Amino acid sequence: MQQHSGSEFGSAWQMIVHGTPSTKIVMAVLAILSLVSWTLIVRKSLQFRRLHSEADQFLDRIESAGSLDEAYSWVRGMGDSPFTRLFKRGAAFFGELRPGAARAGSEVRGLSPAQLEVLRIVLEKEEGEERDELASGLNWLAIIASVAPLLGLLGTVLGVMNSFLAVAGAGSSSITVVAPGVAEALVATAGGLVVAIPAAMAYNYLLGRLNRFSAELEGISSELIGALAREGRI
């Protein structure tokens, strides 16, 4: 069974190596797209895994903090991440709206309903910026998943055309004349599908992880506003 698979791979490779220039060009482009696709898949998967772990630790620490001041002091000592940037941005904007209100025991009146809505908008804007930054690269997976099959089909069409030209030149329609060219042409279609299928699966999987990341950011924004409300600062 393994020998049969190796033979098929060897035959396909031989068809590519000894194929027409159009087949070689299409397969070379598909190889480049496959390399780009797998690089993005690995990099983004590791990035999402790291961010998910950081989000759990961040929320656990914020929820266990005795006060907002304690939480903010801890956040300032953390490394830079989407979660710390969001928290710091929200806390800083709250301080700009009501100078002195962010201090524990302050007698400065909290936010009005309009100012609270503005704070929510600022947090949502920061969430959107973090999401857009993390989403960079995912659109390339979608492009590769869409373009690769079309490139494979283009290679197949060109290969079939060359096959028919070879038949006309040989003056014979024998299967031994037609089959090699058709087989070579179909290799391009197979190559396009091999590149497109992992890219499409990874895109949908990573898109789900991106939505989960957005939910985690929203949870941090809600926790910040909730902490302000519990301490009577809004």
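On a predicted model such as this, the values are computed, not experimentally measured, just so you know.

**Student:** Just checking my understanding: could you explain the layout of surface pockets for this structure?
**Tutor:** To find leftover empty space, one rolls a probe the size of a water molecule over the atoms. Put simply, the largest pocket is a space of about 180 Å³. Considering each element in turn, the lining of the largest pocket owes the most residues, 5 residues, to helix α7 (residues 175-230). Looking at the lining of the largest pocket residue by residue, the classes come out as 8 nonpolar, 2 polar and no charged.

**Student:** It is not clear to me how the UniProt feature "transmembrane region" (unreviewed entry) in the protein should be interpreted in this structure. Could you clarify?
**Tutor:** UniProt's feature table lists "transmembrane region" (unreviewed entry) at residues 25-42, 140-165 and 185-206, given in the numbering used throughout. Secondary structure across residues 25-42 divides into 100% helix and 0% strand, with the first and last C-alpha atoms of the span separated by 26 Å. What you have in residues 185-206 is 100% helix and 0% strand, and the ends, taken at the C-alpha atoms, are 33 Å apart.

**Student:** How should I be thinking about the confidence of the model for the protein in this particular structure?
**Tutor:** Any segment with low pLDDT has predicted coordinates that should not be analysed in fine detail. Per-residue confidence for the protein averages 79 on the pLDDT scale, and 76% of its residues sit at or above 70. For the stretch residues 1-10, pLDDT sits under 50, and the model shows 0 contacts to residues farther than four places along the chain or on other chains.

**Student:** Just checking my understanding: could you explain empty space enclosed by the protein for this structure?
**Tutor:** Applying the stated criterion to the full structure yields 1 cavity of 30 Å³ or more. Roughly 50 Å³ of internal volume is contained in the largest cavity. What lines the largest cavity is Phe48, Leu51, His52, Arg209, Arg212, Phe213 and Glu216. For the lining of the largest cavity, the elements supplying multiple residues, two or more each, are α2 (21-64) and α7. Tallying contributions element by element places α7 first for the lining of the largest cavity, with 4 residues. The class makeup of the residues in the lining of the largest cavity is 3 nonpolar, 1 polar and 3 charged.

Reading guide: rules and limits
Residues numbered from 1 in each chain as written. Predicted model: local features only at pLDDT ≥ 70, side-chain atom pairs only at ≥ 80, totals over all residues. Heavy atoms only, no water. 1 Å grid on protein atoms, 1.4 Å probe; cavity = no way out; pocket = protein on both sides within 12 Å on 5 of 7 lines; lining within 4 Å. Points joined across faces, edges and corners; volume = space filled by probe spheres on them. Helix = DSSP H or I, 4+ residues; strand = E, 2+ residues; numbered from the N terminus. Nonpolar A, V, L, I, M, F, W, Y, C, P; charged D, E, K, R; others polar. UniProt positions renumbered as here; feature names shortened; annotations may be inferred. pLDDT = per-residue confidence, 0-100. Contact = heavy atoms within 4.5 Å.

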